[in-house]
Amino acid sequence: MVAQLSDGMTIGIGGWGPRRKPMALVRELLRSDLKDLTIVAYGGADVGMLCAAGKVKKLVFAFVSLDAIPLEPWFRKARESGQLDVLEVDEGMFQWGLKAAAFQLPFLPTRVGLGTDLAELGGLKTVQSPYDDGETLIAMPALKLDAALIHVNRSDWRGNVQVFGPDTYYDEWFAKAAAKTYVSCEELVDRMEDHYPEDAPYNLFERCFVNGVVEMPCGAHPSSMPPHYGWDMKAFKAYADAAKDPGDWDAVKDRFVGASEADYLANFGGKEAVAVLPLPIF
Amino acid sequence: MTDVTLAELCIFACSEAFRNNGEIVATGVGPVPRLAAGLAKLTHSPELMMTDGECYLVEQPVPIGPRQYDDRKKAGWLPFSRFFDSAVWTGRRHAMVTPTQLDRFGQINLSYMGGTYRQPKTQMLGVRGFPGNTIYHPNSFFFPAHGPRVFVPEVDMISGAGYNPAKRVAGGNYAGIDLRTIVTNLCVMDFQGPGVDGLGAIRVVSLHPGVTFEDVQAATGFELHRAETLPETALPGPDELAVIASLDPHNIRASVIKDNPLARKAG
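None of the values given here were measured: they were computed from a predicted structure.

Comments concerning the interface of chain B and chain A
- Facing the 53 residues of chain B at the interface are 53 residues of chain A.
- In total, chain B and chain A occlude about 4400 Å² of area from one another, counting both sides; carbon and sulfur atoms represent 54% of this.
- Summed over the three residues of chain B that lose the most area to chain A, namely Tyr117, Arg118 and Arg128 of chain B, the buried surface amounts to 18% of that side.
- Viewed at the interface, chain A and chain B are joined by four salt bridges.
- Where chain B meets chain A, there are 28 residue pairs in polar contact (both at pLDDT 80 or more).
- Elements with a minimum of two residues in the side of chain B that touches chain A: α3 (83–88), β9 (120–123) and α4 (130–136) of chain B.
- Per-element accounting of the side of chain B that touches chain A gives the leading share, five residues, to α4 of chain B.

Spelled out as structure tokens, the structure:
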């Protein structure tokens, strides 16, 4: 799957902060030689790790946070070293940009961003309503993705996904904004209709938006994946602490990425330990 | 009289910001604002809507801190996936938040301090939803440590829109900017002072027990207006304190303000 990506691509990553992140796919990116990526994400450790590993040329973001650890330390380091090009936008503008891309529009207008520094800093332009009101609005550019990475609960090999959990964030819009979408899942079945037809309403986006599927149980760890498991705050804390000591990604990447998913999971107690992580309380 | 902590006074003062708001989503981010929204709903403003902090709408505010995952009683659903459609971009929300900086125009910053866009000196969270929140719905603020590094003449990165005429482009619609209340460990302020071009400016409206206007001014990096009369900020009564305690069974509020002082010093 990652072999189908190439240097310089714009890659969207689903989920939100420390929730529902396709971390196994992100780790696969981290094991690859890919570089100069533009990453588009409601950021958590996915963004922090890719920045720490020097994979990111440009970041499109509204925040990067691990919730209970509000400031993502590896992301901060990358920002404060000046190594990233950035486009910082509001959370709502962000999904608006994904929707513009999904609908193949150059931009969508919004009031959001007016009165702030976002437009000036990010080079966002304004448009004027052609109707009598003549309102000036910000033109949120389409966030067109070469690829999107998403972790779902179930899929069949054709890409019929089922997505549970109380909040699916903007995963469907990442899928629709991308030229290619790659999905990892907790459970892969051969034919969805033979296994879980009653759950068809959880088909968050249609299979025409799915280009590849891989089974990755625990594939969101250390982020949360309701209803299967909660986030692993102990793992996040170890990861955050490592930004201070030793502060060097190369020294800790074996621990937080590993040579394979099996190696990685073994570092955190294996699938059994992940399965019992309590769902987060807010 | 029972002891009332300054944090409890602040919760009570913050809850007033949610009075007469109608059927909107009251979002309090952080222990004091969240307890304030819950207190408002359980006392004077039952019509308020709010979430469990995740994505379910609840009619019974969820206590903060450790609890069982399914303790919340779900009455509705408001996930992030439709938050902008339903709450923010329709103006049906009032958020109370704690930015890193707030300036004389009410502009707020949560993104970065010092340096440049490309290389900030101190990177913070990012603008999050502040640009959309401020252009579309009412906002209020709580600061546990009122000081000149928080209340600055002009923020380093304008993450939320305020009453700065220089930041308004011709033809833009700024009618939704509605900054309401600022509660700090020293005082309560609003935006009803005489601002530039008829826009609002920050005004002190009540002082917490033992605090003078001069104390507040000295802790603020710009000139404040003062209301004609400056009463003492009201203290919560036993009923309100009981509600606060029920919403905060682990006494997380005690950790919000340094040394958890009483609202009124003894003697």
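Describing helix α4 (residues 91–102) of chain A
All names here are of chain A.
- The end-to-end C-alpha distance of α4, which contains twelve residues, comes to 17 Å, matching closely the 16 Å that a straight helix rising 1.5 Å per residue would cover.
- The buried fraction of α4 amounts to eleven of the twelve residues, a majority that puts the element mostly inside the structure.
- The N-capping residue of α4, defined by a side-chain oxygen 2.6 Å from the backbone nitrogen of Gly92, is Asp90.

A short note on the packing of helix α2 (residues 31–42) of chain B against helix α6 (residues 238–247) of chain B
All names here are of chain B.
- Two elements in contact, α2 and α6, have axes whose closest approach is 10 Å; the angle formed by their N-to-C orientations is 125°. As the angle between them shows, α2 and α6 are arranged oblique. The chirality of how α2 crosses α6 is right-handed. Contacts between α2 and α6 involve Leu35, Gly38, Leu39 and Leu42 from the former and Glu240, Val243, Ile244 and Leu247 from the latter.
- For the contact of α2 with α6, the per-class residue count stands at six nonpolar, one polar and one charged.

Section: the packing of aromatic side chains
- Scanning the entire structure with this criterion turns up 30 aromatic pairs over all chains.
- Taking the centre distance of 5.6 Å and the plane angle of 75° together, the rings of Trp231 of chain A and Phe282 of chain A count as edge-to-face. Of the two residues, Trp231 of chain A is situated in the loop between β11 (212–215) and α8 (233–244) and Phe282 of chain A in the segment after α11 (270–275); the sequence distance between them amounts to 51 residues.
- With relative accessibility at 12%, the residue Trp231 of chain A sits in the buried group.
- By relative accessible area, which is 16% here, Phe282 of chain A ends up buried.
- An angle of 85° between the planes, with centres 6.3 Å apart, marks the rings of Tyr239 of chain A and Trp249 of chain A as edge-to-face. Placement of the pair is Tyr239 of chain A in helix α8 and Trp249 of chain A in helix α9 (residues 249–256), with a sequence separation of ten residues. Taken individually, Tyr239 of chain A and Trp249 of chain A each receive the classification buried, so the pair is uniform in this respect.
- It is Arg226 of chain B that lies over the ring of Phe213 of chain B; its NZ or CZ is 4.6 Å from the centre.

Some words on the domain arrangement of chain A
- Taken domain by domain, chain A consists of domain 1 (2–87 + 144–275) and domain 2 (107–141).
- Computed over C-alpha atoms, the centres of domain 1 of chain A and domain 2 of chain A are 31 Å apart.

Here we look at the sheet that holds strand β14 (residues 200–207) of chain B
Residue and element names in this part refer to chain B.
- Pairing is mixed in the open sheet, where seven strands are placed in the order β1-β5-β10-β12-β13-β14-β15. Strand pairing shows two members of the sheet lacking a second neighbour, β1 (25–28) and β15 (225–226), which therefore form its edges.
- Note that β14 and β15 share two bridges and pair parallel. When the bridges of β15 are listed, Arg203 appears paired with His225.
- Against the sheet, helix α1 (residues 6–16) touches β5 (93–97), β10 (139–143), β12 (179–184) and β13 (187–194), its axis set at about 175° to β12.
- With respect to the sheet, α2 is in contact with β1, β5 and β10, its orientation differing from that of β1 by roughly 150°.

Section: the sheet that holds strand β11 (residues 151–152) of chain B
Residue and element names in this part refer to chain B.
- Judged by pairing direction, the sheet is mixed, and its three strands sit side by side in the order β7-β6-β11 without closing on themselves. Each of the sheet's edge strands pairs with one partner strand only, and the pair in question is β7 (108–109) and β11.
- Bridge count between strand β6 (residues 101–103) and β7: two bridges; the pairing is antiparallel. Each residue of the ladder has a partner; that of Leu102, found in β7, is Ile108.

Quick notes on the pattern of salt bridges
- Applying the stated criterion to the full structure yields 32 salt bridges over all chains.
- The salt bridge involving Asp46 of chain A is made with Lys21 of chain A; its shortest N-O contact spans 2.7 Å. Pair noted here: Asp46 of chain A is in helix α2 (residues 45–52) and Lys21 of chain A is in the loop between β1 (10–13) and α1 (23–31), with a separation of 25 residues, a long-range link. Comparing Asp46 of chain A with Lys21 of chain A shows no difference in burial state: the two are buried.
- For the salt bridge of Arg253 of chain B with Glu8 of chain B, the shortest nitrogen-to-oxygen distance reads 3.0 Å.

What counts, and where the lines are drawn
- Residues numbered from 1 in each chain as written.
- Chains lettered and ligands numbered in written order.
- Predicted model: local features only at pLDDT ≥ 70, side-chain atom pairs only at ≥ 80, totals over all residues.
- Heavy atoms only, no water.
- Contact = heavy atoms within 4.5 Å.
- Buried area = accessible area lost by both parts, 1.4 Å probe.
- Salt bridge = Lys/Arg side-chain N within 4 Å of Asp/Glu carboxyl O.
- Polar contact = N/O pair within 3.5 Å; in protein donor to acceptor, adjacent residues only side chain to side chain.
- Helix = DSSP H or I, 4+ residues; strand = E, 2+ residues; numbered from the N terminus.
- Expected span 1.5 Å × (residues − 1).
- Buried < 20%, exposed > 50% of the residue type's maximum accessible area, 1.4 Å probe, protein only.
- Axes fitted to C-alpha atoms, helices over the stretch in contact; angles between N-to-C directions.
- Parallel < 35°, antiparallel > 145°, perpendicular 65-115°, else oblique.
- Left-handed = near helix turned anticlockwise from the far one by under 90°.
- Nonpolar A, V, L, I, M, F, W, Y, C, P; charged D, E, K, R; others polar.
- Phe/Tyr/Trp six-rings, centres within 6.5 Å; stacked < 30°, edge-to-face > 60°.
- Lys NZ or Arg CZ within 6 Å of the ring centre and 35° of its normal.
- Domains from an automatic or database assignment.
- Pairing = 2+ DSSP bridges.

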